[in-house]
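# An overview of the molecular structure
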Amino acid sequence: MRYEIDEQARILWMDLVSGGAADRILAVLLGLIAARPELCGWDWIVECEPLPDDAGTQHLAQLSEAWGPPPEVEAFTVFVTQDRLLHLWARVMDFQFVRRKHLVERDIEAARRLIERRRALRPLR
């Protein structure tokens, strides 16, 4: 799975499409957050068009079990997709990851702009 860690912007970008099977994607994510637990508090941009066919609720459950403590302020995951129904799945994920909001945009630039707008509304630490 391809991913980039933008240290300056504190954004993790990943391309699920390049990851192949959901089990492989999950293994990469679990390894990544084990090595860099602070990423659980960063904003994420996830390209997922199309979603892996074998992805299921058990994958999300395993990821949420391995997730670190909630971030001090709400973090965002923005899924980049043309899927008009993914917002429903994203809403369910809000309940699995404390202080993380899951949103949907149609392209990467729109996802970055959404994160910038949401960050501007965060309370100062």
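Heads up: these notes are all about the structure in this document. (Residues numbered from 1 in each chain as written. Predicted model: local features only at pLDDT ≥ 70, side-chain atom pairs only at ≥ 80, totals over all residues. Heavy atoms only, no water.)

### A short note on the overall build of the chain
Helix and strand counts for the chain stand at 4 helices and 5 strands. Its helices and strands in sequence order give the chain the pattern β-β-α-β-α-β-α-β-α, from N to C terminus. In terms of overall dimensions, the chain is globule-like: its C-alpha atoms have a radius of gyration of 14 Å, near the 14 Å expected for 125 residues. Projecting the C-alpha coordinates of the chain onto the three principal axes gives extents of approximately 40 × 30 × 25 Å. Across the 125 residues in the chain, those meeting the buried criterion constitute 39%. Carbon and sulfur atoms make up 55% of the accessible area of the chain, which amounts to about 7,300 Å² in all. A gap of 6 Å separates the mean positions of the 17 positive and 20 negative side-chain charges of the chain. (Helix = DSSP H or I, 4+ residues; strand = E, 2+ residues; numbered from the N terminus. Rg over C-alpha atoms; globule rule 2.2 N^0.38 Å. Buried < 20%, exposed > 50% of the residue type's maximum accessible area, 1.4 Å probe, protein only. Areas by Shrake-Rupley, 256 points an atom, 1.4 Å probe, with all protein chains shown as cover. Lys, Arg positive; Asp, Glu negative; His and termini not counted. Charge placed at Lys NZ, Arg CZ, Asp CG, Glu CD.)

### What to know about the layout of surface pockets
The gaps left among the atoms become clear once a water-sized probe is rolled over them. What the largest pocket holds in volume is close to 450 Å³. Taken together, the elements giving at least two residues each to the lining of the largest pocket come down to α1 (22-35), β3 (43-47), α2 (57-66), β4 (75-80), α3 (86-94) and β5 (100-105). Looking at the lining of the largest pocket, the element that brings in the most residues is α1, giving 4 residues. When grouped by side-chain class, the residues that make up the lining of the largest pocket number 20 nonpolar, 4 polar and 1 charged. (1 Å grid on protein atoms, 1.4 Å probe; cavity = no way out; pocket = protein on both sides within 12 Å on 5 of 7 lines; lining within 4 Å. Points joined across faces, edges and corners; volume = space filled by probe spheres on them. Nonpolar A, V, L, I, M, F, W, Y, C, P; charged D, E, K, R; others polar.)

### Some remarks on the pairing of β4
Within β4, 6 of the 6 residues are buried, leaving the element largely enclosed by the surrounding structure. Covered by surrounding structure in β4 are Ala75, Thr77 and Phe79 together with Phe76, Val78 and Val80, the residues of both alternating faces. Sheet topology places β3 next to β4; 4 bridges connect them, and they run parallel. Bridging from a neighbouring strand, Glu47 pairs with Val80 of β4. In the sheet, β4 pairs with β5 via 6 bridges, with the strands oriented parallel. Counted as the bridge partner of Val78 is Leu103 from β5. Handedness of the crossover joining β4 and β5 through α3 is recorded here as right-handed. (Pairing = 2+ DSSP bridges. Right-handed = clockwise from strand over helix to strand, strands pointing away.)

### Describing the packing of α1 against α2
Remark: α1 packs on α2, axes separated minimally by 10 Å, with the N-to-C direction vectors making an angle of 5°. Of the possible angle classes, the one that applies to α1 and α2 is roughly parallel. Across from Ala22, Asp23, Leu26, Leu29, Leu30 and Ile33 in α1, the residues of α2 making contact are His59, Gln62, Leu63 and Ala66. Of the residues belonging to the contact of α1 with α2, the class tally is 7 nonpolar, 2 polar and 1 charged. (Axes fitted to C-alpha atoms, helices over the stretch in contact; angles between N-to-C directions. Parallel < 35°, antiparallel > 145°, perpendicular 65-115°, else oblique. Contact = heavy atoms within 4.5 Å.)

### Observations regarding the environment of Pro70
Structurally, Pro70 is set in the loop between α2 and β4. Taking C-alpha positions, Pro70 is 7.8 Å from Cys40, a pair spaced 30 residues apart along the chain. Not counting residues within four places of it along the chain, the set of residues in contact with Pro70 comprises Val98 and Arg99.

### Details of the side chain of His59
Looking at the element boundaries, His59 is found in helix α2. For His59, a relative accessible area of 9% puts it in the buried group.

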